Amino acid sequence: MIIVKTRKELEEKRNILKKNNLLHGFVPTMGALHEGHLSLIRCSLSNDPVTVVSIFVNPTQFNDPEDLKKYPRNPEADLNLLEKVLRTGDLVFLPGEKEIYPEPDHRIFDFGILDKVMEGKFRPGHFNGVAQVVSRLFDMVQPRNAYFGLKDFQQLAIIKEMVRMLNLPVNIVPCPIIREPDGLAMSSRNVNLGKKEREEAPMIFRTLKEAVSQKGKLPVEKVKEWVISRIENNSSLKVEYFEVVHADTLQPILSWDEPGDKQGCIAVWAGKVRLIDNISFSRKKE
Ligand code: PAF
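A few points on the structure. (Residues numbered from 1 in each chain as written. Predicted model: local features only at pLDDT ≥ 70, side-chain atom pairs only at ≥ 80, totals over all residues. Heavy atoms only, no water.)

## Here we look at the side chain of Glu-197
Thinking step 1. Along the chain, Glu-197 falls in helix H9 (residues 195–200).
Thinking step 2. Here Glu-197 occupies a buried position and makes no salt bridge, while the nearest side chain of opposite charge, Lys-272, is found at 8.3 Å.
Thinking step 3. With residues near it in sequence (within four places) discarded, Glu-197 still touches Asn-192, Ser-236, Ala-270 and Gly-271. (Helix = DSSP H or I, 4+ residues; strand = E, 2+ residues; numbered from the N terminus. Buried < 20%, exposed > 50% of the residue type's maximum accessible area, 1.4 Å probe, protein only. Lys, Arg positive; Asp, Glu negative; His and termini not counted. Salt bridge = Lys/Arg side-chain N within 4 Å of Asp/Glu carboxyl O. Contact = heavy atoms within 4.5 Å.)

This is how it looks when you write it as structure tokens:
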């Protein structure tokens, strides 16, 4: 793999790829890499002649400065891991803040109703920051395909909308959630969980799965209440929201009879660590 740190170096490598008609796939990350990231990378490796992975902890998407400070960073371990999976010609883009934001980004994106709910409601400004960095990265990397995990279900919807709004020539590829053997969705934040929190966290997905089997038997509101109380029976877990939404508009459903795919999306505080997860209420099994 080749490590590049500046926009200029990246542009040089990109021009070489273009000259050789090599289309590339892109996996943007904030580092602290785990099996979830590796699954996105493997997806690109099997689809694209060249894969570009970026590692950049984007300050503009953190609405809480403490959260930015606590965000796990382990560049050495990340590079060791990437060395094992990437091919000789694949690229790792490791920019500093000035490379991404030579001047402050004042753009405000209008995602309409998509960012007024769930993560958008509880983390104001978060998706604007995500759109700022991802649009800049797309502009610098110019990938054919870009890979995003379904764990960040709302982020995926926002990025698809951003690509549509800005008319960008990039294909967004959603990839499945990767879980620990006990069901906990893999996340860079999991390393910050204490012993008890780690023991109780798998209850989130276990409860989501049981909630799916209650669909149609109990009204939506009752299922929501049940999910919250069952998770909060664990002393280290506190639910920030649980919503069952239309998978395309992200607007909450009121009744199971409403047409279209439905997704249950949840954010839970496990002590001081904020975890998100989601499940389809329409597909047969997850
Ligand atoms: O999902 C993430 O890790 C980040 O939000 C992303 C897409 C890399 C942008 O910083």
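## Digging into the packing of helix H10 (residues 203–213) against helix H11 (residues 220–232)
Thinking step 1. Where H10 meets H11, the closest approach of the two axes is 10 Å, and the angle between their N-to-C directions is 155°. Taken together, the axes of H10 and H11 are roughly antiparallel relative to one another. Judged by the twist between their axes, the crossing of H10 over H11 is right-handed. Note on element contacts: H11 touches H10 through Val-223, Trp-226, Val-227, Arg-230 and Ile-231, opposite Met-203, Ile-204, Thr-207, Glu-210 and Ala-211.
Thinking step 2. The residue inventory of the contact of H10 with H11, partitioned by class, reads 7 nonpolar, 1 polar and 2 charged. (Axes fitted to C-alpha atoms, helices over the stretch in contact; angles between N-to-C directions. Parallel < 35°, antiparallel > 145°, perpendicular 65-115°, else oblique. Left-handed = near helix turned anticlockwise from the far one by under 90°. Nonpolar A, V, L, I, M, F, W, Y, C, P; charged D, E, K, R; others polar.)

## Looking at the site of the ligand
Thinking step 1. Every residue near the ligand is listed here: Pro-28, Thr-29, Met-30, Gln-61, Val-133, Val-134, Phe-148 and Gln-155.
Thinking step 2. Contact distances for the ligand include 2.6 Å between an oxygen atom and a side-chain N or O atom of Gln-61.
Thinking step 3. For the ligand, whose unbound accessible area comes to 290 Å², protein coverage reaches 88%.
Thinking step 4. Within the residue set of the shell around the ligand, elements represented by two or more residues are strand S2 (24–29) and helix H7 (126–141).
Thinking step 5. Residue classes in the shell around the ligand are distributed as 5 nonpolar, 3 polar and no charged. (Near = heavy atom within 4 Å. Polar contact = N/O pair within 3.5 Å; in protein donor to acceptor, adjacent residues only side chain to side chain. Areas by Shrake-Rupley, 256 points an atom, 1.4 Å probe, with all protein chains shown as cover.)

## Quick notes on the side chain of Arg-189
Thinking step 1. Tracing the backbone through its elements, the reader meets Arg-189 in the loop between strand S6 (171–175) and H9.
Thinking step 2. If we ignore the near neighbours within four places in the chain, the residues touching Arg-189 are Phe-62, Asp-67, Tyr-71, Arg-123, Val-273 and Arg-274.

## Some points on the sheet that holds strand S7 (residues 237–246)
Thinking step 1. Spatial strand order, S7-S8-S9: 3 strands in an open sheet with antiparallel pairing. With partners counted over all chains shown, the strands left at the sheet margins are S7 and strand S9 (273–280), one partner each. Across the sheet, the axes of successive neighbouring strands diverge by a mean angle of 15°, strand direction being ignored.
Thinking step 2. Two strands pair when backbone bridges link them, and S7 and strand S8 (residues 262–270) are joined in this way by 9 bridges, in the antiparallel orientation. Counted as the bridge partner of Val-244 is Gly-264 from S8. (Pairing = 2+ DSSP bridges.)

## Regarding the environment of Arg-7
Thinking step 1. Along the chain, Arg-7 turns up in helix H1 (residues 7–19).
Thinking step 2. The sequence separation of Arg-7 and Ile-172 amounts to 165 residues, and the corresponding C-alpha distance is 22 Å.
Thinking step 3. Excluding residues within four positions of it along the chain, Arg-7 makes contact with Phe-93, Glu-99, Ile-100, Pro-102, Arg-136 and Met-140.

## A word on the pattern of salt bridges
Thinking step 1. This model, assessed by the stated rule, comprises 23 salt bridges.
Thinking step 2. With its nearest N and O atoms 2.9 Å apart, the salt bridge here joins Arg-230 to Glu-210. With Arg-230 in helix H11 and Glu-210 in helix H10, this residue pair connects regions lying 20 residues apart in the sequence.
Thinking step 3. Classification of Arg-230 by relative accessible area gives partly exposed; the value is 25%.

## Things to note about unusual backbone geometry
For residues other than glycine, phi is negative in most cases, and the peptide bonds are mostly trans.
Thinking step 1. Positioned with a positive phi, Met-118 is a non-glycine residue whose angle comes to about 45°.
Thinking step 2. Turning to its location among the elements, Met-118 is positioned in helix H6 (residues 118–122).
Thinking step 3. Positive phi, close to 55°, is recorded for Asn-167, a residue that is not glycine.
Thinking step 4. Inspection of the secondary structure assignment puts Asn-167 in the loop between helix H8 (153–166) and S6.

## Overview of the state of the cysteines
Should the sulfur atoms of two cysteines be covalently bonded, the bond is a disulfide.
Thinking step 1. Summed over the entire model, instances satisfying the criterion amount to 0 disulfides.
Thinking step 2. Here Cys-43 stays unpaired: no disulfide links it, and the sulfur of Cys-175, its closest cysteine neighbor, is 3.9 Å away.
Thinking step 3. A relative accessible area of 24% means that Cys-43 is categorised as partly exposed.
Thinking step 4. The class for Cys-175 is buried, based on a relative accessible area of 2%. (Disulfide = S-S within 2.5 Å.)

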